[in-house]
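Okay, here's what each chain looks like letter by letter:
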Amino acid sequence: MNNFNGKDVLYPFLTHKNVRIMKLVLIMLTVMLFRVSATESYAQSTRINLSMENSTVKDVLKGIESRSEFTFYYNDKVINTNKRVTVNAEDKNISEILALILPDCDFKIYNKNIIITEKKAEETKATQEGKKITGVVLDAFGPVVGANIVEKGTMNGVISDSEGRFVLNVAPGATLIVSYIGYVSQEIKINDQASYTITLREDTETLEEVVVVGYGTMKKKDLTGAVKRVNLEESPAVANTSLSQALVGSTAGVNTAQSGYAGEDVSLSIRGTTSFSASQNPLIVLDGIIYNGAMSDINVNDISSIDILKDASATSIYGEKAANGVIVIERKKVTDKNIRVRYNFVPGFEFPDVDSYDYCNAIQKLELERLAGLYNTADGSLDESYNEKFKRIKKGADTDWMAKPLRNSTSFSHSLSMTGRGAGMDYGVTANFSDKRGVMKGDYRNNYGLSFYFSYRLVDRLTITYRADINKTDTKASPYGSFSEFVKINPYDTPFNAYGEWNKILSYDFRNPLYDATTSSFDKSESKTITNNLTLRWDIWKGFYLTGAFSYSLSDSQSDKFVSPDHSSFETETDPGKRGSYYISNM
């Protein structure tokens, strides 16, 4: 997001007298108007999922930016972006969300840039003088709290209160759009009435959807808890090389954060931050068994369905482990008696984005330190340090440290599977390999997997299913360490001195991570897991069955971390026996 002063950029073009230039300007303006119209239509049609509770308007705008191609511009001295709002939007267009959080503002769209301005006095007055209507939004059980009521074609809208009531000023003859999650949206034509009773009906297509819960499958309408199904086949994120990446932006209320390190799981939270120290990760259930591994190691091509149980009712099924929500994953089963062989190759590309780090250059940083009084001493003892840095800058020192450890990375995954059915048995074998590399130079995560699936009907009503998964993962951390170390280093510091030798220690005792990357230090790990799942199902009669599951897992992991004696962290250590370290951890 960017702040601006609202100066009109079109006026200088309108002052030219030359006829040819005027014709050219007319053509340009016509093209611009066409593009603005198309972009506004895109804003109306682009739908996103966004759930934020008691957040500032500024944070909500950032959330919209991360989920769309739009960028917001506004003057924070005019627009109150520190106001706190609650947004629970699922499959809503951006115009509707903006109307709810900034009802007193206008929005102009230019090439996917949205400029937010304060409503002009005459426009506000016209809105206030419009037809005042009241109403109540109901469903089959009573008032609907939090329903969206928006005047069609405008940003003018409100949300129904705790009793389902609302008050709104609209233009004569306007049309209201009333919507809420799980209900069919309605359009209400405004006539001479002053009060309206609007009854929403359930979206039966959504409610008839079958979802997976802890004890089997149910229709969504029969559940009292909040459940969301993620359709990987319709989601563009499925082209990612991991399941955790496929969940990014998949549904409202699921917050995600990516680190940029190779193959590292996306951090997921379903109900927001509930603790500053405890884990926020949801419980993962894979094929009815609690899964403790990394979600990024699950083969995304084997997934049949993903159901997200959002609210506290999940604890009644899975216990206290479900306090942060539950992600229920079901893998594909055999559906065809013919032998089928399937191969999937999915490439992945990652590009570092450091545009949000708007830091000072070398001369600006040094001047900022001077103005802050960092070199002010009674005896002038720090003058030499200031002059040395100033001379360095005059010679061209202005290091972009943040760009040094980053790269554009390429990852890929291969998956080969064979399934079939015969003699009362379903069978399947899947082998997969993935090579994931992050945006930090030198890191990687390689995963090797082999899965077996057998399902056999012993008698007419008794079925036994066995699934085995063998996984091996090799990881190596970047020799450049943490990206945050590069953010802290001052731009007037250089990796090498005037003689071409490494500067091991930089200003304010910061270590040179570029030098440390050359010292043969490493941090790597290896893990192996074997999981066996056995399930028995007895169909007593139609619609009633008993099922039992047994799971047994073996795991082994080892971490190796070596810090070279030449590492800058040992620069002040004079005892050779204390320089360097090597740690091995087995689990």
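Figured I'd write up the structure that's included with this text. The structure presented is a predicted model; accordingly, all values stated were derived computationally and were not measured.

1. Remarks on the overall build of the protein chain
Here is step 1 of the chain: The helix and strand inventory of the protein chain stands at 12 helices and 31 strands.
Here is step 2 of the chain: Buried positions account for 38% of the 587 residues belonging to the protein chain.
Here is step 3 of the chain: Expressed as a percentage of contacts within the protein chain between residues at least 6 apart in sequence, the contacts between residues at least 24 apart total 62%.
Here is step 4 of the chain: Accessible area for the protein chain stands at about 33900 Å²; split by element, carbon and sulfur atoms hold 53% of it.

2. A closer look at helix α4 (residues 94-101)
Here is step 1 of the chain: The buried count for α4 comes to 7 of 8 residues, which makes it a mostly enclosed element.
Here is step 2 of the chain: Burial in α4 covers these residues: I94, S95, E96, I97, L98, A99 and I101.

3. Here we look at the pairing of strand β12 (residues 175-179)
Along any regular strand the residues' side chains alternate between the sheet's two faces.
Here is step 1 of the chain: Judged by how many residues are buried, β12 sits mostly within the fold: 4 of 5 residues are covered.
Here is step 2 of the chain: With 4 bridges joining them, β12 and strand β13 (residues 186-189) adopt antiparallel strand pairing. Considered in β13, the bridge of L176 is made with I188.
Here is step 3 of the chain: Taken together, β12 and the strand that follows it, β13, pair antiparallel across an intervening segment of 6 residues, in which G182 is found at a positive phi of about 85°.

4. Things to note about the side chain of D287
Here is step 1 of the chain: Mapped onto the elements of the fold, D287 is located in the loop between β20 (283-286) and β21 (289-290).
Here is step 2 of the chain: For D287, the side chain forms a polar contact with the side chain of R467, separated by 3.3 Å.
Here is step 3 of the chain: Once you skip the residues sitting within four places of it in the chain, D287 turns out to touch I329, E330, R331 and R467.

5. Considerations on a nonpolar patch on the surface
Here is step 1 of the chain: Together, L450, F454, Y466, I470, I530, L534, F550, Y552 and L554 make up a nonpolar patch on the protein surface, roughly 760 Å² of accessible area in all.
Here is step 2 of the chain: Counting residues per element, the ones that place at least two in the nonpolar patch are β27 (444-457), β28 (462-476), β29 (522-541) and β30 (544-563).
Here is step 3 of the chain: In terms of residue count, β30 provides more of the nonpolar patch than any other element does, 3 residues in total.
Here is step 4 of the chain: Here L554 is to be found in strand β30.

6. Brief notes about the sheet that holds β27
Here is step 1 of the chain: Pairing is antiparallel in the open sheet, where 8 strands are placed in the order β24-β25-β26-β27-β28-β29-β30-β31. Taken across any chain shown, the strands that pair with only one partner, and hence form the sheet edges, are β24 (340-350) and β31 (581-586). Strand-to-strand twist in this sheet, taken as the mean axis angle between neighbours without regard to direction, amounts to 10°.
Here is step 2 of the chain: Note that strand β25 (residues 409-422) and strand β26 (residues 425-436) share 11 bridges and pair antiparallel.

Thresholds applied
- Residues numbered from 1 in each chain as written.
- Predicted model: local features only at pLDDT ≥ 70, side-chain atom pairs only at ≥ 80, totals over all residues.
- Heavy atoms only, no water.
- Helix = DSSP H or I, 4+ residues; strand = E, 2+ residues; numbered from the N terminus.
- Buried < 20%, exposed > 50% of the residue type's maximum accessible area, 1.4 Å probe, protein only.
- Contact = heavy atoms within 4.5 Å.
- Areas by Shrake-Rupley, 256 points an atom, 1.4 Å probe, with all protein chains shown as cover.
- Pairing = 2+ DSSP bridges.
- Polar contact = N/O pair within 3.5 Å; in protein donor to acceptor, adjacent residues only side chain to side chain.
- Patch = residues over 30% accessible without salt bridge, like charges linked within 9 Å, V, L, I, M, F, W, Y side chains within 5 Å.
- Salt bridge = Lys/Arg side-chain N within 4 Å of Asp/Glu carboxyl O.
- Axes fitted to C-alpha atoms, helices over the stretch in contact; angles between N-to-C directions.

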